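Structural overview
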Amino acid sequence: MQTEEEILKIKKVKNTAVRTVVLRHLLNQEKAQSLKDIENALAYTDRSSIFRTLKTFEENKIIHSIEDGSGMTKYAVCAEGCNCDPKDLHYHFYCSNCNKTFCLFDLPVPKLELPKNFKLQQANMVVKGLCDNCNK
């Protein structure tokens, strides 16, 4: 697994203290995080700094955002080698009991044949149900 510093260097993003802390937090999570989740975990970090960092990470394809139907955008670190191209898209699982969202990296979104001159920019593939913890 790559370190925060290695990821930022590969993606050519300037390393700052806030970026390192936010990326470290996201790397240590098993589920996608909302802005509120990150704020709560990093209580001593300014909300606007966290938000700007997330936007920078998203623009530089370090993280991807997920609209899981909960009303809050969630963020997760992209898999190593991901460029957020259509081939990198994968399903997400939203637990309707605990409200956690998980990336299902091993389940790629099937290739779509779009009409002529259409260009895919984003796909939102969310499966809903009970996670392994809530299903016990």
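Residues numbered from 1 in each chain as written. Predicted model: local features only at pLDDT ≥ 70, side-chain atom pairs only at ≥ 80, totals over all residues. Heavy atoms only, no water.

- As annotated in an unreviewed UniProt entry, the chain carries the name Fur family ferric uptake transcriptional regulator and is attributed to Gelidibacter sediminis.

1. Quick look at the nonpolar core
- Residues L23, L54, I62 and I63 are the most contacted members of the largest nonpolar core, which totals 17 residues.
- Counting only elements with at least two residues in this core, the list comes to α1 (4-10), α2 (17-27), α3 (35-41), α4 (47-59) and β3 (73-77).
- Counting residues per element, this core draws most heavily on α2, which supplies 4 residues. (Core = buried A, V, L, I, M, F, W, Y, C linked by side-chain atoms within 4.5 Å. Buried < 20%, exposed > 50% of the residue type's maximum accessible area, 1.4 Å probe, protein only. Helix = DSSP H or I, 4+ residues; strand = E, 2+ residues; numbered from the N terminus.)

2. Looking at α4
- The first and last C-alpha atoms of α4 sit 18 Å apart over 13 residues, in line with the 18 Å expected at 1.5 Å per residue.
- Those residues of α4 lying buried are S49, I50, T53, L54, T56 and F57. One side of α4 holds all its buried residues, which, seen down the axis, span an arc of 165 degrees. Among the exposed residues of α4, those pointing more than 90 degrees away from its buried face are R47, R52 and E59.
- Where α4 is buried, its residues touch α1, α2, α3, β2 (63-67) and β3. (Expected span 1.5 Å × (residues − 1). Arc of directions from axis to C-beta. Contact = heavy atoms within 4.5 Å.)

3. As for the UniProt feature "binding site: Zn(2+)" (unreviewed entry) in the chain
- Mapped onto the present numbering, the UniProt feature "binding site: Zn(2+)" (unreviewed entry) falls at C95, C98, C131 and C134. These annotated residues cover 40 residues of sequence, but their C-alpha atoms sit close together, with the largest distance between any two at 8.2 Å.
- Relative to the helices and strands, C95 is located in strand β4 (residues 90-95).
- C95 sits in the buried class, given a relative accessible area of 0%.
- Residues within four places of C95 in sequence aside, it is in contact with K100, G129, L130, C131 and C134.
- Residue position: C134 is located in the segment after β6 (126-129).
- Each residue touching C134, except ones within four places of it in the same chain, is listed here: C95, N97 and C98. (UniProt positions renumbered as here; feature names shortened; annotations may be inferred.)

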